[in-house]
Every structure is written in C-alpha cells, then in structure tokens.
Amino acid sequence: MSGGGEKGSATTKTPADFLKSIRGRPVVVKLNSGVDYRGILACLDGYMNIAMEQTEEYVNGQLKNKYGDAFIRGNNVLYISTSKRTLADGA
C-alpha cells in the first residue's frame, strides 16, 4: 500500500521552497491579532521574521497606514499568502 503515492514526488514543494520562491513578490501577511500587512516580501529568516517594502496595514479590511519598510516579528505571524490581485479591483 505504500508504493502508489510517489508519482508526484519530483515536483513536491516544501514550505521553505515556497517561501524562497515568493521573495520579491507581493504578499499578504496575516497576524495573530487579525491585522493584515500587504506589500513586497524583501526577506525572511528561520524564525519567520519578515521584512517588507511598500507595506500597507489593513484593519478589518480597511487601509489604516502605509509604511515604506516594515519588520514583523515571526511569532506574530499567522500566515503568509501571495497576493492574487491588485488593489484596483476590476480595473
């Protein structure tokens, strides 16, 4: 029973591979508090500390602040997601 699930193993991505692939791309970082930060992922380390550029802070879905650069401590991060669309919805 253990031999059948290996056909896609050559293309399997680990979380570390995903994080390396999204550096320099737009991301959404959701914090444990529910606040979202959207911007360009500059770098991150093994503790999930994140440096972002062109960062925007969203609280309850509404833009609250804009920062040039931002640093987020890793223990506050709930998840990191790639941005699927720009801020100009439908434009």
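As a starting point, this report considers the structure included with it. Quick caveat: nothing in here was measured; it's all calculated off a predicted structure. Position numbers for residues start from 1 in each chain and track the written sequence from start to end. In view of the model being predicted, local features appear only for residues whose pLDDT reaches at least 70, and side-chain atom pairs are presented and counted only at 80 or more, with totals across whole chains, interfaces and linings using the full set of residues. Derived side-chain values reflect all non-hydrogen atoms in the structure, with water molecules and hydrogen atoms excluded from consideration.

**Remarks on the overall build of the chain**
This is how the line gets drawn: Where helices and strands are cited, they refer to DSSP runs of H or I of at least four residues and of E of at least two residues respectively, numbered from the N terminus. The rule is simple: take the accessible area with a 1.4 Å probe, protein chains only, and divide by the maximum for that residue type; under 20% is buried, over 50% is exposed, in between is partly exposed. Calculation of accessible area relied on Shrake-Rupley with a 1.4 Å probe; when residues are assessed, cover is drawn exclusively from the protein chains displayed.
A tally of regular secondary structure across the chain gives one helix and five strands. The helix and strand sequence of the chain, counted from the amino end, reads α-β-β-β-β-β. Taken over 91 residues, the chain has a buried fraction of 30%. As displayed, the chain offers around 6,600 Å² of accessible surface, 50% of which is attributable to carbon and sulfur atoms.

**Considering the pattern of salt bridges**
Using the following cut-off: A side-chain nitrogen of Lys or Arg and a carboxyl oxygen of Asp or Glu constitute a salt bridge if their distance falls within 4 Å.
Counted under the stated rule, the structure contains three salt bridges. Between R38 and D36 there is a salt bridge; the shortest N-O distance is 3.9 Å. A relative accessible area of 11% means that D36 is categorised as buried. Connected through shared salt-bridge partners, K30, D36 and R38 make up one network.

**Considerations on the sheet that holds strand 3 (residues 50-59)**
In plain terms, the rule: In this scheme, strands are said to pair when DSSP sees at least two bridges between them. Axes here mean lines fitted to C-alpha atoms, for a helix over just the part in contact, with angles spanning 0 to 180 degrees between N-to-C directions.
Read across the open sheet, the five strands follow the order 4-3-2-1-5; overall the sheet is antiparallel. If you trace the sheet from one side to the other, it starts and ends with strand 4 (62-72) and strand 5 (77-82), each paired once. Across the sheet, the axes of successive neighbouring strands diverge by a mean angle of 30 degrees, strand direction being ignored. Inspection of the sheet shows strand 1 (residues 26-31) paired to strand 5 by five bridges, in the antiparallel sense. Bridge pairing in strand 5 places L31 opposite V77.

None of this, on its own, says anything about what the molecule does.
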